[in-house]
Amino acid sequence: MSVGETPITVVGNLTDDPELRFTPAGVAMARFTIASTPRTYDKTTGQWKDGTALFLRATAWREIAEHTADTLTKGMRVVATGRLVQHNWQTPEGENRSMLGLDLDDIGPSLRFATAKVTKTQRTGQPNTAEATDPWTTAGPAPAAAAPAGAGFTADPPF
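These notes cover the structure that comes with them. (Residues numbered from 1 in each chain as written. Predicted model: local features only at pLDDT ≥ 70, side-chain atom pairs only at ≥ 80, totals over all residues. Heavy atoms only, no water.)

Describing the environment of Ser110
Here comes step 1: Relative to the elements of secondary structure, Ser110 occurs in the segment after strand 8 (96–109).
Here comes step 2: The exposure class assigned to Ser110 is buried, which follows from its relative accessible area of 10%.
Here comes step 3: Put simply, Ser110 and Asn13 are 97 residues apart on the chain and 9.3 Å apart in space, counted from C-alpha to C-alpha.
Here comes step 4: Among all residues touching Ser110, those that are not within four sequence positions of it are Arg77, Val78 and Val79.
Here comes step 5: Among the polar contacts made by the side chain of Ser110, one reaches the main-chain amide nitrogen of Arg112 at a distance of 3.4 Å. (Helix = DSSP H or I, 4+ residues; strand = E, 2+ residues; numbered from the N terminus. Buried < 20%, exposed > 50% of the residue type's maximum accessible area, 1.4 Å probe, protein only. Contact = heavy atoms within 4.5 Å. Polar contact = N/O pair within 3.5 Å; in protein donor to acceptor, adjacent residues only side chain to side chain.)

Given below as structure tokens:
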């Protein structure tokens, strides 16, 4: 992250399926909107009240874009982190316009009201020197190391 960028985390729901596109150079890009609506509990009525919704246009690049398009769908609750960026343009009528967007660094499903099964993807084109020590690639737990003699440990953990 560069100096002066505004980091932000947004929790909300996707308003539509992510739209996956590719640049002329073949770089994957996914765009979608995250709606985040604050809710407060009104003690006098005993009901929840929705505040003003924030609709934030998000952009993901490269592997995150492909994973997002493969994994997330309309209505899913997500937790997204990235940088706020301001987009400025001029309409054909000469009016200046601007909007805030979110360039994603990371995104995933919220586990507050759902469950998810995570599958690690294999990176292509890069040597995998850490495969032997990567806990995601092992078939089971690593074997337990023996406790040093006289350390006061038993062979089995107490839990």
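Having seen it, we continue.
A look at the nonpolar core
Grouped burial of nonpolar side chains is what soluble globular proteins tend to show.
Here comes step 1: Formed by 16 residues in total, the largest nonpolar core has its most connected members in Phe32, Ile34, Leu102, Leu104 and Ile107.
Here comes step 2: Secondary-structure elements contributing two or more residues to this core are strand 1 (6–14), strand 3 (28–36), strand 6 (54–61), strand 7 (77–90) and strand 8.
Here comes step 3: Counting residues per element, this core draws most heavily on strand 3, at four residues.
Here comes step 4: Among all residues touching Leu102, those that are not within four sequence positions of it are Ile8, Val10, Leu56, Arg57, Ala58, Thr59, Ala80, Gly82, Arg83 and Val85. (Core = buried A, V, L, I, M, F, W, Y, C linked by side-chain atoms within 4.5 Å.)

Points about unusual backbone geometry
Here comes step 1: You will see that Arg62, though not glycine, has its phi angle at about 55°, which is positive.
Here comes step 2: By the secondary structure assignment, Arg62 is in helix 1 (residues 62–71).

A few points about the pattern of salt bridges
Here comes step 1: Applying the stated criterion across every chain yields a total of five salt bridges.
Here comes step 2: Ionic pairing is found between Glu19 and Arg21, a salt bridge with its closest N-O pair at 2.6 Å.
Here comes step 3: For Glu19, a relative accessible area of 34% gives the class partly exposed.
Here comes step 4: The shortest N-O distance in the salt bridge between Glu95 and Arg97 comes to 2.5 Å.
Here comes step 5: Residue Arg97 is classed as partly exposed on the basis of its relative accessible area, which comes to 41%. (Salt bridge = Lys/Arg side-chain N within 4 Å of Asp/Glu carboxyl O.)

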